[in-house]
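Okay, here's what each chain looks like letter by letter:
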Amino acid sequence: MRKIKSSIITDKICELCGEINFNLPQDIYDAVASYIKNDNSVGDDILKQILENAKIAKEKKIALCQDTGTANFFIKIGRDVEVVDDNDENKKADLVSAVNNGVSQGYQKYYLRKSIVADPLERINTKDNTPANIYCEIVDGDKIEITMLAKGGGSENASFLKMLTPLDGWNGVKNFVIECVKLKGANSCPPIIAGVGIGGDFASVGLSAKKALLREIGSKNKKEFYDKKEQELLKEINELNIGPMGLGGMPTALAVFIETKPCHIASMPVAVNMMCHSCRRKTIVVS
């Protein structure tokens, strides 16, 4: 059994908070750059500004966006690893606390905006961007894989869920996704990434849509059927002409990713979770 001190996780999370907020992932940067045509259009100018903003953020270590988001963590915990107390390796430590401590330290150390309120109606800021949203999965092995996704409020507000019926089929799914982008795509600081969850149930389909956002641009869906559906949706979304920052042109979306789950014979839940062009995500492995 591999033992990992909780402070190691906290320290790595602290640094991760800065890294993802200062550095645009290379796949996003390359995808944005691929649409620049040097045609003096408004859309072209916006894409160039997005890349210039990314360069400045990286060089000066300042946030890519003033909205440094809700901290989301997707954690795969090996069966042969345990998180232990710093002072006593025979005493188990709380992984959730270690992660939240890292978020608290990271958002304060790097002067990132704290956007979390303790209660949705009382609206009192927690002042350290905690608690994070933490999703854990037990897997084989003796390591801990941590993926962080910082999700801004604008794109998160552009989220939708609908309980379709099996009779609605693919056309029902496609029409729903397109309508969602028509309604809120411009509010999500496009070019967006559209995460689509299909299947599962009411509680899980939204998480599937959010997990879809973790894929890299250019990656293929594991199922050829859904890979083709992703391309179909991407083409139709870009034909909407919403464009960079909602001012028309290309692209409206850099990618559409679909995540599916088994579901009840009478159900077909669908969720859409959009991500702005500042797709702040990174995976680290703690061993």
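Keep in mind the model is a prediction, meaning the values are calculated, not measured.

Chemist: So what exactly am I meant to see when it comes to empty space enclosed by the protein here?
Modeler: Gaps left between atoms show up when a probe the size of a water molecule is rolled over them. Throughout the structure, instances matching the rule amount to one cavity of 30 Å³ or more. Size it by volume and the largest cavity reaches roughly 50 Å³. As for the largest cavity, its lining consists of Leu 24, Ile 50, Asn 53, Ala 54, Leu 64, His 277 and Ser 278. The residue makeup of the lining of the largest cavity, split by class, is four nonpolar, three polar and no charged.

Chemist: When you look at helix 6 (residues 169-184) in this model, what are you seeing that I'm missing?
Modeler: Structurally, the α-helix is built with 3.6 residues per turn, so residues lying three or four positions apart point the same way. Between its terminal C-alpha atoms helix 6 stretches 23 Å, which fits the 22 Å expected from 16 residues at 1.5 Å a residue. For helix 6, every residue scored as buried is listed here: Trp 170, Gly 172, Val 173, Lys 174, Phe 176, Val 177, Ile 178, Cys 180 and Val 181. The elements touched by buried residues of helix 6 are strand 6 (159-164), strand 7 (192-200), helix 8 (224-238), strand 8 (253-263) and strand 9 (268-275).

Chemist: Hey, could you run me through the sheet that holds strand 8 in this one?
Modeler: With respect to topology, four strands assemble into an open sheet ordered 6-9-7-8, the strand pairing being mixed. In this open sheet, the two edge strands, each paired with only one partner strand, are strand 6 and strand 8. Here the average twist between neighbouring strands, direction ignored, is 15°. Bridge count between strand 7 and strand 8: nine bridges; the pairing is parallel. If you follow Gly 200 over to strand 8, its bridge partner there is Cys 263. Its contacts with the sheet put helix 7 (residues 202-212) on strand 6, strand 7, strand 8 and strand 9, and the angle it makes with strand 7 is roughly 145°. Each of strand 7 and strand 8 is contacted by helix 8, which is oriented at about 140° to strand 8, the strand it contacts most.

Chemist: So what exactly am I meant to see when it comes to a nonpolar patch on the surface here?
Modeler: On the surface, a nonpolar cluster with roughly 280 Å² of combined accessible area is contributed by Val 42, Met 245 and Leu 247. Within the secondary structure, Val 42 is located in helix 3 (residues 42-60). Residue classification places Val 42 among the partly exposed positions, given a relative accessible area of 48%.

Chemist: Before we go on, may I ask you to explain the pairing of strand 3 (residues 81-84) in this structure?
Modeler: Here strand 3 shows no split at all, with Val 81 and Val 83 on one side and Glu 82 and Val 84 on the other all buried. One ladder, built from four bridges, connects strand 1 (residues 2-5) with strand 3; its direction is parallel. Paired with Ile 4 across the strands is Val 83, a residue of strand 3.

Chemist: Please explain the layout of surface pockets as it appears in this structure.
Modeler: Considering only enclosed or pocket space, the largest pocket measures out at about 800 Å³ in volume. Lining the largest pocket are 26 residues, with Lys 76, Lys 211, Leu 214, Arg 215 and Glu 259 positioned closest to its centre. At the level of elements, strand 2 (70-78), strand 4 (133-139), strand 5 (144-151), helix 7, strand 8 and strand 10 (280-286) are the ones that each hand at least two residues to the lining of the largest pocket. Tallied by class, the residues present in the lining of the largest pocket amount to nine nonpolar, four polar and 13 charged.

Chemist: Which parts of the structure should I look at to understand the sheet that holds strand 5?
Modeler: Pairing between the strands of a sheet is mediated by backbone hydrogen bonds and can be parallel or antiparallel. Read from one edge of the open sheet, four strands run 4-2-5-10, paired in mixed fashion. Two strands close off the open sheet at either side, each with one partner strand: strand 4 and strand 10. Each adjacent strand pair in this sheet contributes to an overall mean axis angle of 15°, direction not counted. Here helix 1 (residues 6-22) sits on the sheet and contacts strand 2, strand 5 and strand 10; the angle it forms with strand 10, its principal contact strand, is near 155°. Strand contacts of helix 7: strand 2, strand 4 and strand 5, with the helix running at about 90° to strand 2, the strand carrying the most contacts.

Chemist: Please explain the packing of aromatic side chains as it appears in this structure.
Modeler: Note on aromatic pairs: each is described by the distance of the centres and the angle between the planes. All told, the structure shown has three aromatic pairs when counted by the stated rule. Plain terms: the ring middles of Phe 22 and Tyr 110 are 5.6 Å apart, the flat faces sit at 85° to each other, and that makes the pair edge-to-face. Of this pair, Phe 22 sits in helix 1 while Tyr 110 sits in the loop between helix 4 (95-109) and strand 4, placing them 88 residues apart in sequence. Judged by relative accessible area, which is 21%, Tyr 110 ranks as partly exposed.

What counts and what doesn't
- Residues numbered from 1 in each chain as written.
- Predicted model: local features only at pLDDT ≥ 70, side-chain atom pairs only at ≥ 80, totals over all residues.
- Heavy atoms only, no water.
- 1 Å grid on protein atoms, 1.4 Å probe; cavity = no way out; pocket = protein on both sides within 12 Å on 5 of 7 lines; lining within 4 Å.
- Points joined across faces, edges and corners; volume = space filled by probe spheres on them.
- Nonpolar A, V, L, I, M, F, W, Y, C, P; charged D, E, K, R; others polar.
- Helix = DSSP H or I, 4+ residues; strand = E, 2+ residues; numbered from the N terminus.
- Expected span 1.5 Å × (residues − 1).
- Buried < 20%, exposed > 50% of the residue type's maximum accessible area, 1.4 Å probe, protein only.
- Contact = heavy atoms within 4.5 Å.
- Pairing = 2+ DSSP bridges.
- Axes fitted to C-alpha atoms, helices over the stretch in contact; angles between N-to-C directions.
- Patch = residues over 30% accessible without salt bridge, like charges linked within 9 Å, V, L, I, M, F, W, Y side chains within 5 Å.
- Areas by Shrake-Rupley, 256 points an atom, 1.4 Å probe, with all protein chains shown as cover.
- Salt bridge = Lys/Arg side-chain N within 4 Å of Asp/Glu carboxyl O.
- Phe/Tyr/Trp six-rings, centres within 6.5 Å; stacked < 30°, edge-to-face > 60°.

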